[in-house]
Amino acid sequence: MESWISEALAQWNSSGTKMNPPASIEEIERVEATLNFKFPEDFKQLYLVVNGFPDYHWQEYMFCFWPLEMIVEEFERFPKQRFIPVCDFLLASHEIGFVRNESGIYKYDYSQGNKIAETYQQVVAMINSNADDIY
């Protein structure tokens, strides 16, 4: 397991964050087919260890990492949007995710997006360190 994933899990465990069991590679591939979008490898690495948080549970800074099924549910509600959210702050105050045909990770609030990181690993670290750029 990558060290950044071990560090995230340790922080989430120490703060009492509830986590879902891992997703399988087949589940991830099914979601990618449904979304017609390929997740970056670091996203897949994390989800092969923990499939987001259950029941809108969030970590200590009020970010919820969505399980794959929630990512699909949101996509099905808004199937034509370019933004693919995978995490939110304070029950959708703003969302963090991917933009089709764009590199990096974006923060969206009220349909305006700003690129906040190059990799999903960087975003997890930003969230877990309570970095200003994620708000």
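A word on unusual backbone geometry
- Although it is not a glycine, asparagine 36 adopts a positive phi angle of roughly 55°.
- The topology assignment puts asparagine 36 in the loop between helix 2 (25-35) and helix 3 (41-47).
- Overall, the relative accessible area of 66% leaves asparagine 36 in the exposed class.
- Of note, the phi angle at methionine 62 is positive, near 70°, even though the residue is not glycine.
- Assignment of secondary structure puts methionine 62 in the loop between helix 3 and strand 1 (63-65).

Side note on helix 4 (residues 68-77)
- Buried within helix 4 are the following residues: Leu68, Met70, Ile71, Val72, Glu74 and Phe75.
- Where the residues of helix 4 are buried, they touch helix 2, helix 3, strand 2 (83-89) and strand 3 (94-99).

Details of the side chain of threonine 17
- Residue position: threonine 17 is located in the loop between helix 1 (3-14) and helix 2.
- Here the side chain of threonine 17 touches serine 15 through a polar contact of 3.0 Å, side chain to side chain.
- If sequence neighbours within four positions are ignored, threonine 17 has contacts with Trp12, Phe53, His57, Trp58, Gln59 and Glu60.

Comments concerning the nonpolar core
- Within the largest apolar cluster, 40 residues are counted, with the highest numbers of intra-cluster contacts made by Phe39, Ile71 and Tyr120.
- In contact with phenylalanine 39, other than residues within four places in its own chain, are Ile28, Val31, Glu32, Lys44, Ile71, Val86 and Phe98.

Conventions adopted
Residues numbered from 1 in each chain as written. Predicted model: local features only at pLDDT ≥ 70, side-chain atom pairs only at ≥ 80, totals over all residues. Heavy atoms only, no water. Helix = DSSP H or I, 4+ residues; strand = E, 2+ residues; numbered from the N terminus. Buried < 20%, exposed > 50% of the residue type's maximum accessible area, 1.4 Å probe, protein only. Contact = heavy atoms within 4.5 Å. Polar contact = N/O pair within 3.5 Å; in protein donor to acceptor, adjacent residues only side chain to side chain. Core = buried A, V, L, I, M, F, W, Y, C linked by side-chain atoms within 4.5 Å.

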